[in-house]
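The chain contents come next:
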Number of protein chains: 6
Amino acid sequence: MRIKLINPNTTQRMTESMGRCAREVASPGTEIVAVSPTMGPPSIEGYYDEAIASLGMLAEVEAGEREGFDGYVIACFGDPALYAARELARGPVIGIAEAAMHAASVIAPGFSVVTTLARTCGMAWHLAERYGMTRFCMNVRATDVAVLDLDVPGSAARSIIIDECRRALDEDGSDAIVLGCAGMAEFCHEVEDAIGAPVVEGVTAAVKWAEALIALKLHTSKRGDFARPLAKRYDGVLADYSPRDAAAHIHRK
Amino acid sequence: MRIKLINPNTTQRMTESMGRCAREVASPGTEIVAVSPTMGPPSIEGYYDEAIASLGMLAEVEAGEREGFDGYVIACFGDPALYAARELARGPVIGIAEAAMHAASVIAPGFSVVTTLARTCGMAWHLAERYGMTRFCMNVRATDVAVLDLDVPGSAARSIIIDECRRALDEDGSDAIVLGCAGMAEFCHEVEDAIGAPVVEGVTAAVKWAEALIALKLHTSKRGDFARPLAKRYDGVLADYSPRDAAAHIHRK
Amino acid sequence: MRIKLINPNTTQRMTESMGRCAREVASPGTEIVAVSPTMGPPSIEGYYDEAIASLGMLAEVEAGEREGFDGYVIACFGDPALYAARELARGPVIGIAEAAMHAASVIAPGFSVVTTLARTCGMAWHLAERYGMTRFCMNVRATDVAVLDLDVPGSAARSIIIDECRRALDEDGSDAIVLGCAGMAEFCHEVEDAIGAPVVEGVTAAVKWAEALIALKLHTSKRGDFARPLAKRYDGVLADYSPRDAAAHIHRK
Amino acid sequence: MRIKLINPNTTQRMTESMGRCAREVASPGTEIVAVSPTMGPPSIEGYYDEAIASLGMLAEVEAGEREGFDGYVIACFGDPALYAARELARGPVIGIAEAAMHAASVIAPGFSVVTTLARTCGMAWHLAERYGMTRFCMNVRATDVAVLDLDVPGSAARSIIIDECRRALDEDGSDAIVLGCAGMAEFCHEVEDAIGAPVVEGVTAAVKWAEALIALKLHTSKRGDFARPLAKRYDGVLADYSPRDAAAHIHRK
Amino acid sequence: MRIKLINPNTTQRMTESMGRCAREVASPGTEIVAVSPTMGPPSIEGYYDEAIASLGMLAEVEAGEREGFDGYVIACFGDPALYAARELARGPVIGIAEAAMHAASVIAPGFSVVTTLARTCGMAWHLAERYGMTRFCMNVRATDVAVLDLDVPGSAARSIIIDECRRALDEDGSDAIVLGCAGMAEFCHEVEDAIGAPVVEGVTAAVKWAEALIALKLHTSKRGDFARPLAKRYDGVLADYSPRDAAAHIHRK
Amino acid sequence: MRIKLINPNTTQRMTESMGRCAREVASPGTEIVAVSPTMGPPSIEGYYDEAIASLGMLAEVEAGEREGFDGYVIACFGDPALYAARELARGPVIGIAEAAMHAASVIAPGFSVVTTLARTCGMAWHLAERYGMTRFCMNVRATDVAVLDLDVPGSAARSIIIDECRRALDEDGSDAIVLGCAGMAEFCHEVEDAIGAPVVEGVTAAVKWAEALIALKLHTSKRGDFARPLAKRYDGVLADYSPRDAAAHIHRK
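Being a predicted model, the structure only gives us computed values, none of them experimental.

(A) Quick look at the environment of G196 of chain E. Residue and element names in this part refer to chain E. Inspection of the secondary structure puts G196 in the loop between helix 7 (188-195) and strand 8 (199-201). The exposure class of G196 is exposed, given its relative accessible area of 60%. A C-alpha to C-alpha distance of 9.4 Å links G196 and A176, two positions 20 residues apart in sequence.

Below, the structure written as structure tokens:
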């Protein structure tokens, strides 16, 4: 099976790192293609970044449909434009926050999300609600580490994150941690070893969840809200984004 | 005071109609500027349309900040990218679904939303939840009238909508109606007269709500989630959308 | 338009102060008549005070219907007998807690209520729930300032309130403040200047909200729970409170 | 022990009937004193009726404190001014809706409330929420029987109520019925025999619940929201309702 | 009337102590039979203990049906297998957590549960949710006292519990305490005297609640989820637990 | 990796059928061992059946720990004693309702559960709540097919189920189906083909979900509620079920 892993920001070294993490957990028969748009925000740290990044991300999903992918992972912890992506895709589309929260809810009575900037905590709470996970999400904690500082050599990012995870276990009544940024994928086992409790990371969780759904032959339901966008002609410089008929795709394959 | 009314779709005759409705209810000292982007979907009938339309809508908010507007109305019932717009704006930003639901919740114990296509009902439910209005929203009902058919001369749209409103009052335990599409603004009093119960329409409600907040000197809080987007350089063809410092704006004025 | 602002307690100097605040924000064409009953509690600081004060407040609404008011503001943060008042009135009836919470929910992701006595915090939480605002209400904080001490010259009330507002912003994850007592109306801008975040005050918010609904020609729905009380004869000394037919009113005008 | 059963409406024959029902289920050592105010609405069929009736009901609680009652039952299904009554009383104060919903929640996975007029259904839903019973309350159904027609000889009230209870069991997924008006107390066993499922009636349930709390020596907590009203002097014709110190009561006994 | 009080653990001295507490509050005509299984865990301190203890507890209910009991109390704060017990019983079956939470919700705006081991706090929260009591349950606090240490002479258990109750009142915004273990029944009045706020204990509360329901002639509804288990033959060593027809029971009596 | 699939009922032909379905979707390196207890109910159709079946199911988990399994699937749609099983296991333990609801929530905005007997619908709703899935679960529908009739040759079970699934899509606003009984595993694709919308079946979903968690090296958190049961000696015929130290297990391996 072929899974397209879309990093909605433009920072290629993050995309490559995510691709490596994904391939480490993927099953033998799974091909992971990790991409990011060439346009848009280099990091997503608020609602505006997210709204603008959605354009490139959705273009990658639409391209993916022409390329015949079986499923998609949206690799930013805000799960930007997830429902729009589901309208485009035939196969499953998984957000990394969604998969990570599902996974954490199964292995612990409650988890804390440890994320980057304080201004993104509200987004994480919204997602917890959207996925029905508020009853498991005991807290969302910011570290005030900027996304692009996460992998700067010699940065204090890892130790700051580990300290916050420890505080989460001590203070929140949580028994597991969800890492709240795709850029933390490479830290996962290091953090787990340091704190002695399960640490769930969304990129890898979403890849396995997508694999599971594809193996189960489950597709995005095309009956209701996630039906293909109605075919219409968009105006001006966005004309290339006009949704075409699902039939057009099938014909093209 | 000056309020920018942004129709996120590109259909200029809808924008003009909304402008007319807005001006009818605006206070004497209020200037309404009704605009729509020149790029993007001509109508918004799903999550993908909404995600793509956000680009042009947000550009209008950012331009509005340079133009010195006191507040904004997002005139599409999905309230697209409302939080992203709040990050950009100093003054208040109101969604028409938000204002309509607030208003209806004050004049009746419960309301029904009557909207266009069935695939948008889920969006209305999400908004009701986001605004805390699920306890007032008794039902969301689709009429299967397409947005752009609403004002086609001789169309059956109005009588279909009136019939659905009547059913809502009879079957949902609702005592008021919220019209679920900006394109229905011109019908509001006609529907109210026909059904004999209050009918709330979002474009006009949001204009009055924005006026109220501006008169109260209430701005969007810039402390937390709605702080200005972090200044950063976006890549590629989206570089023009890069968020600049709030300071840059103030300087420019 | 004419709006009757009813202070449900008997303290006339509070009524006058509210009237002044209301007129400062009212639109040119709006007449504000601020009244309080001549009987009942001089301040409302619990459920019993509230229940007894409702009698005089409702008498003012019923009188207001005969006097031809277009709408009403109930100016006590417990929004006492709001639904009973809606049964009596044809126009909109707004509670100050209701309007303040709506307004705060639009300009910030979350707010804290800062109120007077600890024993009224539960009332504020009940109202937040009734209006669907629990998702925005991050905390309700008491200052242990008695209502009638708020405007005593030289009292520490203002600095105590400002300190509590600062703590709310620091500790609650709130980005705006709602002042939880009508007696705080005159402090609003002073507190806002001191804390550097939006401060919403209910008397002024409710006046603007009432103006908005009246301008939109929205009335209290008379179909269901808020229909006129059934005409019946009350016994004993309360006979004067007997509800009469709505028709009787219209005739009388 | 002595329990004061307060019918908040002025219809003495209802008070007497409730007293009879209460005495039938009371334990040997329990004295039931059933009273109703001499002023106010003869029946409670909306929020306004309820607000006005609270005055006389609260006077009976305050008198009861002087008379040394051990606990109180508020015998109207809207549980009017229950929290205000708790401020006044040292012993427990139980609403009949509260007791009936608690009891029904223990003997069935879900219940339906069958009540009188449609306009009171919203009140019953509010109470279900206030008591945490929405998860058990499957529906609230009106019969459009007026309260004072319930015991008119030869009326169709009983058969209408029995029919509605049957529909509730068939259509709501309910396995028990809560009768939603104190005036239905005398029908309870007749309805149960007719429909073959448990029928809970609030007057009797509240009496037994009050007995239980009194036997357990549980009093209304006087620490927080239900502390005695602050002593203050009320103005005008309501001066007699001024709350006095709890100490004053104890002294007087 | 005859009430069977079932301690689901095997520690006979706890059973006897509960029996004593129950008899102290029972009405004159009530016979309390306190039993515990001869097999299973000596204390219940987790989900596994609870699942295994359910076997003996359910056997006692089934035996109770043959013995003609009018109702049952499940005397472990986890209310283990409560719904299974309701399937077996004709009369009411009350859990001690259920009765204690109901009682506390009537005498205070909010309560804290003070229990034994931290690992059981999650169970208490689940029960609060199941009974609709989360809106009243302000906190669940562990003392890390093991169940079987509660009544060891000279142990510090009581003073630890009293200290935790005091902290609950100070820090949780609670105005009453629910003791979270059947083994604390004998402390109830001692704790109440020490902290000066109502303390609810489940064994006694459940006995009074059961008495109340029996006096009201209310049975477990046999229409839906709590109908007798379908008659079938269980395999192997559990064959003796095979559910028989309700009819079989009635015949046997 | 090795996954133990535990059918909590004793019907061996169901166990074999589940094993076949599981192996069809399992990854190449996964060994599925499908077992059922030799004691207990042949089918689980209520709370009592479930409570008794838990004994044999938990014995299989405890044995599985000695046998070195990496994870477990509890293959009954009531997910009986899931939390107790998590206390015993080091690896992940997945319930089939849990996995199915998670999967359905990712591919459709809402799903309906189609199950066997009406008396089990309440159980499905409880599980939806426990897993945070009520917002996705639009309805739970019974077919009144008994569990053991599902695979009787020539039975009408399949067509009854397909008809109910069609009604669910038409009437519930659902866009996917969850099959609510492990005994329906073999029907999954047949139903999907018949109704033209995604059909999720829990046995296969849980196997893939367990595989995913094991591949991610995620274990059940042993910090809090799911820590090993406290070591203690159970009494009487249940002594063999006494929980031993986790250390004992590790030693034994």
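So, next bit.
(B) Spotlight on the arrangement of the chains. Across all C-alpha pairs, the smallest distance from chain A to chain D is 17 Å, and the two are not in contact. Here chain C and chain F are not in contact; the least distance found between their C-alpha atoms is 16 Å.

(C) A look at the domain arrangement of chain A. Residue and element names in this part refer to chain A. When the domains of chain A are assigned, the result is domain 1 (2-95 + 206-252) and domain 2 (97-201). For domain 1 and domain 2, the distance between their C-alpha centres works out to 23 Å. Tallying the contact residues gives 27 residues for domain 1 and 28 residues for domain 2. Buried surface at the junction of domain 1 and domain 2, summed over both partners, amounts to about 2,100 Å²; 59% is from carbon and sulfur atoms. Interface area lost by domain 1 to domain 2 is led by E45, Y47 and F77, which between them contribute 34%. There are two salt bridges connecting domain 1 and domain 2. Along the contact surface separating domain 1 from domain 2 lie 14 residue pairs in polar contact (both at pLDDT 80 or more).

(D) Focus on the relation of the copies chain F and chain E. Mapping chain F onto chain E is achieved by rotating through 180 degrees and translating by 0.0 Å along the same axis, at an RMSD of 0.0 Å. Expressed as an axis order, the relation between the two copies is that of a two-fold axis. Among all residues of chain F, the minimum C-alpha distance to the rotation axis is found for A51 of chain F, at 3.6 Å. Mapped onto chain E, 100% of the interface residues of chain F are again interface residues, and the two copies thus contact each other with one and the same surface.

(E) Up close: the packing of aromatic side chains. Scanning the model with the defined rule gives 27 aromatic pairs over all chains in all. Plain terms: the ring middles of Y83 of chain A and F226 of chain A are 5.3 Å apart, the flat faces sit at 50 degrees to each other, and that makes the pair tilted. Placement of Y83 of chain A in helix 3 (residues 82-88) and of F226 of chain A in the loop between helix 8 (202-215) and helix 9 (246-252) is noted, with a sequence separation of 143 residues between them. Taking the relative accessible area as the measure of exposure, Y83 of chain A reaches 10% and is therefore buried. The interplanar angle of 70 degrees and the centroid separation of 5.1 Å between the aromatic rings of Y83 of chain E and Y47 of chain F together place this pair among those described as edge-to-face.

Cut-offs applied
- Residues numbered from 1 in each chain as written.
- Chains lettered and ligands numbered in written order.
- Predicted model: local features only at pLDDT ≥ 70, side-chain atom pairs only at ≥ 80, totals over all residues.
- Heavy atoms only, no water.
- Helix = DSSP H or I, 4+ residues; strand = E, 2+ residues; numbered from the N terminus.
- Buried < 20%, exposed > 50% of the residue type's maximum accessible area, 1.4 Å probe, protein only.
- Contact = heavy atoms within 4.5 Å.
- Domains from an automatic or database assignment.
- Buried area = accessible area lost by both parts, 1.4 Å probe.
- Salt bridge = Lys/Arg side-chain N within 4 Å of Asp/Glu carboxyl O.
- Polar contact = N/O pair within 3.5 Å; in protein donor to acceptor, adjacent residues only side chain to side chain.
- Least-squares fit on C-alpha atoms with pLDDT ≥ 70 in both.
- Phe/Tyr/Trp six-rings, centres within 6.5 Å; stacked < 30°, edge-to-face > 60°.

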